[in-house]
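# Chains, contacts and geometry: an overview
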Amino acid sequence: YGPDGRAWRDDTRGAAEQTATLLHELVERDRMVRLGMMYDEAHGVAREAERALRRALARRRVRRVDLGLAERWARRWGVVALGRDRSRGSGVVRA
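Residues numbered from 1 in each chain as written. Predicted model: local features only at pLDDT ≥ 70, side-chain atom pairs only at ≥ 80, totals over all residues. Heavy atoms only, no water.

## A closer look at the packing of helix α1 (residues 15-33) against helix α3 (residues 67-76)
- Across the interface, α1 lies against α3 with an axial gap of 9 Å and an inter-helix angle of 35°. When the axes of α1 and α3 are compared, the crossing they make is right-handed. The segment α1 lies against α3, with Thr19, Leu22, Leu23, Leu26 and Val27 engaging Leu67, Leu69, Ala70, Trp73 and Ala74. (Axes fitted to C-alpha atoms, helices over the stretch in contact; angles between N-to-C directions. Helix = DSSP H or I, 4+ residues; strand = E, 2+ residues; numbered from the N terminus. Left-handed = near helix turned anticlockwise from the far one by under 90°. Contact = heavy atoms within 4.5 Å.)

Okay, here's the thing in structure tokens:
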């Protein structure tokens, strides 16, 4: 998470790791910004979402970061405002 509202991904991690981490950051930020949760509570919800996605990803081979999958899962967890910031390159998602 970046203070300017962007979620960054670490390219040194594997594709499944990056996808799950992106979901975590999207859910966490949404809970804090939109719902006013404190970090610890928002982090707990985001960890649940991330774990669920990791279980699903463990059953398939993930070859590249799947931003669409992270976005779909974020919506399942109630994140309502998502959009890609194309001006800064692919891989940047605004929550």
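## Structural notes on the confidence of the model for the protein
- Here the protein averages 83 in pLDDT, while 73% of its residues score no lower than 70.
- For the protein, strand β3 (residues 93-94) is the element with the lowest average pLDDT, namely 50, and helix α2 (residues 39-58) is the one with the highest, namely 96. (pLDDT = per-residue confidence, 0-100.)

## A short note on the packing of aromatic side chains
- As enumerated under the stated definition, the model contains 0 aromatic pairs in all.
- In this structure, arginine 76 packs its charged tip against the face of tryptophan 73, placed 4.4 Å from the ring centre. (Phe/Tyr/Trp six-rings, centres within 6.5 Å; stacked < 30°, edge-to-face > 60°. Lys NZ or Arg CZ within 6 Å of the ring centre and 35° of its normal.)

## Re the environment of glutamate 71
- Positionally, glutamate 71 belongs in helix α3.
- Between the alpha carbons of glutamate 71 and threonine 19 there is a distance of 9.5 Å; along the sequence they are 52 residues apart.

## A short note on the environment of alanine 15
- With respect to the helices, strands and loops of the structure, alanine 15 is situated in helix α1.
- Put simply, alanine 15 and arginine 63 are 48 residues apart on the chain and 6.1 Å apart in space, counted from C-alpha to C-alpha.
- With residues near it in sequence (within four places) discarded, alanine 15 still touches Val62, Arg63, Arg64 and Val65.

## Overview of the environment of glutamate 17
- Checked against the element boundaries, glutamate 17 lands in helix α1.
- Glutamate 17 sits 48 residues away from valine 65 along the chain, and the two C-alpha atoms are 8.4 Å apart.

## Examining α3
- Here α3 lies mainly inside the structure; 7 of its 10 residues are buried.
- Those residues of α3 lying buried are Leu67, Gly68, Leu69, Ala70, Glu71, Trp73 and Ala74.
- At the C-terminal side of α3, glycine 78 shows a positive phi close to 95°. (Buried < 20%, exposed > 50% of the residue type's maximum accessible area, 1.4 Å probe, protein only.)

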